[in-house]
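Inside the fold
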Amino acid sequence: MKIGVLGYDYGELDPDGPVIVEKGRARGHEMSFCTLEEVTCRARRTGGFDVLLGGEEAESFDAVLSRARLYGDDWRERAEKLELVSSVQGLPVFDPSDIYVMGHSKFLMAQRLAAAGLPVPPIRTATCLDDVAQACEEWGKTILKPSFGYGGTDVERICDPQADAEVAQTLIDRYGILVCQPWWPTKYGEFRLTIGGHATCEAMFKLPPVGSWKCKTMEGATFERIDPPADLAEIAFRAAEVLDFTLAGVDLLPTPDGYVILEVNPLPGLLNMLGDVSRHSLLMAV
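Residues numbered from 1 in each chain as written. Predicted model: local features only at pLDDT ≥ 70, side-chain atom pairs only at ≥ 80, totals over all residues. Heavy atoms only, no water.

**With respect to the nonpolar core**
Of all hydrophobic cores here, the largest spans 24 residues; its most connected members are L113, L193, V250, L252, I261 and V264. Among the secondary structure elements, those contributing two or more residues to this core are α3 (97–104), α4 (106–115), β12 (190–196), β13 (200–207), α7 (230–243), β15 (247–255) and β16 (258–265). If one sorts the elements of this core by residue count, α7 sits on top with eight residues. Excluding its chain neighbours within four sequence positions, the residues that come into contact with L252 are E190, F191, L193, L232, I235, A236, Y259, V260 and I261. (Core = buried A, V, L, I, M, F, W, Y, C linked by side-chain atoms within 4.5 Å. Buried < 20%, exposed > 50% of the residue type's maximum accessible area, 1.4 Å probe, protein only. Helix = DSSP H or I, 4+ residues; strand = E, 2+ residues; numbered from the N terminus. Contact = heavy atoms within 4.5 Å.)

**Notes on the sheet that holds strand β8 (residues 124–126)**
Taken together, the four strands give an open sheet; going across it, the order is β8-β11-β9-β10, and neighbouring strands pair in antiparallel fashion. Here the strands that pair on one side only, and so sit at the sheet edges, are β8 and β10 (156–158). Averaged over all pairs of adjacent strands, the angle between strand axes in this sheet comes to 35°, irrespective of strand direction. In terms of strand pairing, β8 meets strand β11 (residues 178–182) through three bridges, oriented antiparallel. The residue of β11 that forms the bridge with R124 is C180. The sheet strands contacting α4 are β8, β9 (142–146) and β11, and the helix crosses β11 at an angle near 45°. Helix α5 (residues 129–139) contacts β8, β9, β10 and β11 of the sheet and is inclined by roughly 140° relative to β8. (Pairing = 2+ DSSP bridges. Axes fitted to C-alpha atoms, helices over the stretch in contact; angles between N-to-C directions.)

**Considering unusual backbone geometry**
A cis amide bond, omega 5°, links F94 with the succeeding residue D95. As for its position among the elements, D95 is in the loop between β7 (93–94) and α3. Positive phi, normally seen in glycine, also occurs at D154, with a value near 60°. The residue D154 is located in the loop between β9 and β10 in this model.

Given below as structure tokens:
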């Protein structure tokens, strides 16, 4: 097969894209790599245009695997390019633009998961300080974050709406509309399950660093690979299936009322932390 990989970058921040190319070649596939910056159009003499991936016609590929970055000030242009690739007739894309964009939106993701009966936190929008104050009155400590955020950027815990008003207002000014949901203690850790289709389920257990409540490995959280309990794995598989993700990173928090899905990432990164086998996940899923 001739497989194209749309990468986040050339390995500077996401080392897994180039590794997928290596693993694909080792499995006998013809592999090509490019980023969304290298998706272009070329006019046809008969009218319309061809979509090119790094100079190669998209129609020449048997499939495209996307680890593309949609975040940033130019997200509209990036989403448009992914839609161009996804709309090439007869070209399977894993995952196409509509699924990808839905997966990046925390509002849309939570809506779909909740509709399927999966355990997600209650969510409300916050567009002003009064909204934040009402959330704190209902839930106590409250999380504020952008819907189209990533990497834990601008995720803040509001403990006192008056004392933390400056933090909240800064986020409101920056994004306009925020996701607002209750905060649960994370001192007992959270789980990340990486799902590849129905064939792969790899998991790790993460603990926040001393003095922090964020279980972010890039911010000092410790982690270990685990064999997930059957009920935890079932929730993760169902979440990936409901969202139609080929590859998904499912973050789950244990609470007194059971597991809660904090987020499902359509672009789980740093797969190599879990060992060489996890780098096969996307290819295995296809």
